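Geometric and topological summary
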Amino acid sequence: MNSLDTPYELSPEQIAFYQKNRFIKLKNVFDADTLARYNDAISEQVAKMNTVTVALDERDTYGKAFLQLFNLWRENDDVKTFVFSKRLAKIAADLMQVDGVRMYHDQALFKEGGGGITPWHADQYYWPLSSDKTVTAWIPLQPVPLEMGPLEFSAGSHQIVEGRELSIGDDSEKLIASKLRVTDFEHVIEPFDLGEVSFHSGWVFHRAGANVTDQMRKVMTVIYMDRDMKLEQPINKNQENDWHTWCPGATVGDVINTELNPVLY
C-alpha cells in the first residue's frame, strides 16, 4: 500500500514537458514487487471477464489489437486498490495542473502474442467531456520491448483537429498517419522498462505496434479527468454510449459526480 500511495514528485521540467507534448514517460513509478502482486490480480480478473473466443486471424484490426476489459475495479478489491492509487492520481493531477481528479474508467489492454497493431487514434473522440483536462495512465505489468508493441506518441499532436472525428480502426491508422507525416511532430517509439508508466492526454494521437513475440503484453490503464469535469452533449454514438456506460445518471452541463466517478485525489 505504501508504494501505491507515496507521492511521486514531478519536477517543473517534467510538468512543462507534458504540457507541451501532452504525453510523458516516467520511470520507477512502481517497484517490481508491487507490479508482480498486481500483475497476478489483474491477470486473474482479465481471465474471468474475457469472453473473446474467436481466433486472432479471424478478427478485424480492432479485435487483433488487444483483449480489452473495463472497470475491473468494480469486480475485484485487489485491482481496486491498485487503480485507486493516490500515487498515480496525484501524478495525473500534477501533470494536468488541476486541484483534483476523478475516475473516468479503467481498462486492461492485453495484447496477445501475435496480436496486431493498435491504430492511430485520439481517445477523447469517445468521451462526452467538456474540456481536454483528461489523462490516461498506461501501466505495463512487465517490461515492454519494441517487439511487444509499446505505446507510441505523436508529441504535441493534440494541436491537430483533423482526425479527431475518427474511431479507432483501419481508416484512423491510414488517415492520421498520412496527416502526421506532413507535420513536424516527433513520433516517439521507445520500449518501457519495468516500473515505467506513461501518461497521455485525450487529444494526443497515439498507436502501438504489433506484438511479434509469443508472450502476452499486459497493460493496465486508468483514465482520469479533472474532478470538476462537466458532461457535454454527445456528438456521436460512441460518446452517447460512454455517457450511459461510464457516467450513468450524469446530467449534461453538470459536474460528473456519480458512484462510478469517485474523486481519487
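A brief report on the enclosed structure follows. Quick caveat, the model's predicted, so the values are computed rather than measured.

As summarised here, the arrangement of the four strands in space is β4-β9-β6-β7, forming an open sheet in which the pairing is antiparallel. Edge positions in the sheet fall to β4 (118-121) and β7 (187-189), since each has one partner strand and no second. Strand-to-strand twist across the sheet, computed as the mean angle between neighbouring axes with direction ignored, equals 15 degrees. Where strand β6 (residues 151-154) meets strand β9 (residues 206-208), three bridges bridge the pair, whose relative direction is antiparallel. Among the inter-strand pairings, L151 is bridged to a residue of β9, identified as A208.

A few words now on the nonpolar core. Within the largest apolar cluster, 44 residues are counted, with the highest numbers of intra-cluster contacts made by F30, I42, L88, I139, F199, M220 and Y224. Here the element with the most residues in this core is helix α6 (residues 86-96); it accounts for seven residues. Dropping the residues within four chain positions of it, I42 is found in contact with L72, V79, F82, F110, L141 and M220. Listed in part, the 13 residues of the second largest apolar core include A65, F66, L109 and V219.

With that settled, the discussion passes to the sheet that holds strand β5 (residues 134-140). Reading across from one edge, β1-β8-β5-β10-β3-β2 is the order of the six strands in this open sheet, with antiparallel pairing throughout. Strands with a single pairing partner mark the edges of an open sheet, and in this sheet they are β1 (23-26) and β2 (67-70). In this sheet, adjacent strand axes meet at a mean angle of 20 degrees when their direction is disregarded. The sheet contact formed by β5 and strand β8 (residues 197-201) spans four bridges and is antiparallel.

Moving on, we come to the side chain of R102. Locating R102 in the fold gives a position in strand β3 (residues 101-111). Look at R102: it is buried, it has no salt bridge, and the nearest opposite charge is D228 at 5.9 Å. A distance of 3.2 Å separates a polar atom in the side chain of R102 from the backbone oxygen of I256. A polar contact of 3.2 Å, which involves the side chain of R102, links it to the side chain of N257. When residues no more than four places from it in sequence are discounted, the contact partners of R102 are I223, Y224, M225, D226, R227, V255, I256, N257, N261, P262, V263 and L264.

What follows deals with the packing of helix α2 (residues 12-21) against α6. Following both chains from N to C, one finds α2 and α6 inclined at 70 degrees, their axes separated by 8 Å at the closest point. Comparing the axis directions of α2 and α6 gives the class roughly perpendicular. The residues of α6 that touch α2, namely those facing Q14, I15, Y18 and Q19, are D94, L95 and M96. Per-class residue counts for the contact of α2 with α6 are four nonpolar, two polar and one charged.

All right, on to the environment of R37 then. As for its placement among the helices and strands, R37 is situated in helix α3 (residues 32-49). When the C-alpha atoms of R37 and M220 are compared, they prove to be 13 Å apart, with 183 residues separating the residues in sequence.

Looking now at unusual backbone geometry. The phi angle at R22 is positive, at roughly 60 degrees, despite the residue not being glycine. Mapped onto the secondary structure, R22 falls in the loop between α2 and β1. Of the residues examined, R22 reaches a relative accessible area of 16% and is grouped as buried. With phi around 60 degrees, Q97 is a residue other than glycine that occupies positive phi space.

This paragraph deals with α3. Here α3 contains 18 residues, and its C-alpha end-to-end distance of 25 Å stays within 8% of the 26 Å for a straight helix at 1.5 Å per residue. Every buried residue of α3 is listed here: T34, L35, Y38, N39, A41, I42, S43, Q45 and V46.

Our focus in this paragraph is the environment of K218. You can see K218 is positioned in strand β10 (residues 217-226). Judged by relative accessible area, K218 falls into the partly exposed class, the value being 21%. For the pair formed by K218 and A65, sequence separation is 153 residues and the distance between their alpha carbons is 12 Å. If we ignore the near neighbours within four places in the chain, the residues touching K218 are N39, S43, L109, F110, I139, P140, L141 and Q142.

Procedures and definitions
- Chains are numbered independently. Their residues run from 1 in the order of the written sequence.
- A pLDDT threshold of at least 70 governs which residues receive local features in this predicted model, and a stricter bar of 80 or more applies before side-chain atom pairs are shown or counted, although totals over entire chains, interfaces and linings include all residues.
- Calculation of side-chain values draws on the structure's entire complement of heavy atoms; hydrogens and water are dropped beforehand.
- Paired strands, as defined in this entry, are two strands with at least two bridges between them according to DSSP.
- The numbering of helices and of strands both runs from the N terminus, where a helix is a DSSP run of H or I of at least 4 residues and a strand a run of E of at least 2.
- As a rule, the C-alpha atoms of each element are fitted with a line to give its axis, helices using only the stretch in contact, and angles between N-to-C directions run from 0 to 180 degrees.
- Put simply, a nonpolar core is a bunch of buried Ala, Val, Leu, Ile, Met, Phe, Trp, Tyr and Cys residues held in one set by side-chain atoms that sit within 4.5 Å of each other.
- We call a residue buried when its accessible area falls under 20% of the maximum for its residue type, exposed when it is over 50%, and partly exposed in between, using a 1.4 Å probe and counting protein chains only.
- Contacts between residues were defined by any pair of non-hydrogen atoms, one from each residue, lying within 4.5 Å.
- Just so you know, the count uses Lys and Arg for positive and Asp and Glu for negative, and it drops His and the chain ends.
- Only one rule defines a salt bridge in this text: a Lys or Arg side-chain nitrogen within 4 Å of an Asp or Glu carboxyl oxygen.
- Under this definition, polar contacts are N or O atom pairs within 3.5 Å; protein pairs additionally need one hydrogen-donor-capable and one acceptor-capable atom, and for neighbouring residues in sequence, both atoms have to be side-chain atoms.
- Oblique is the label for any angle not covered by the other classes, which are roughly parallel (under 35 degrees), roughly antiparallel (over 145) and roughly perpendicular (65 to 115).
- Any residue that is not Ala, Val, Leu, Ile, Met, Phe, Trp, Tyr, Cys, Pro, Asp, Glu, Lys or Arg is counted as polar, Gly included; the first ten are nonpolar and the last four charged.
- By this rule, a helix spans an expected 1.5 Å times one less than how many residues it contains.

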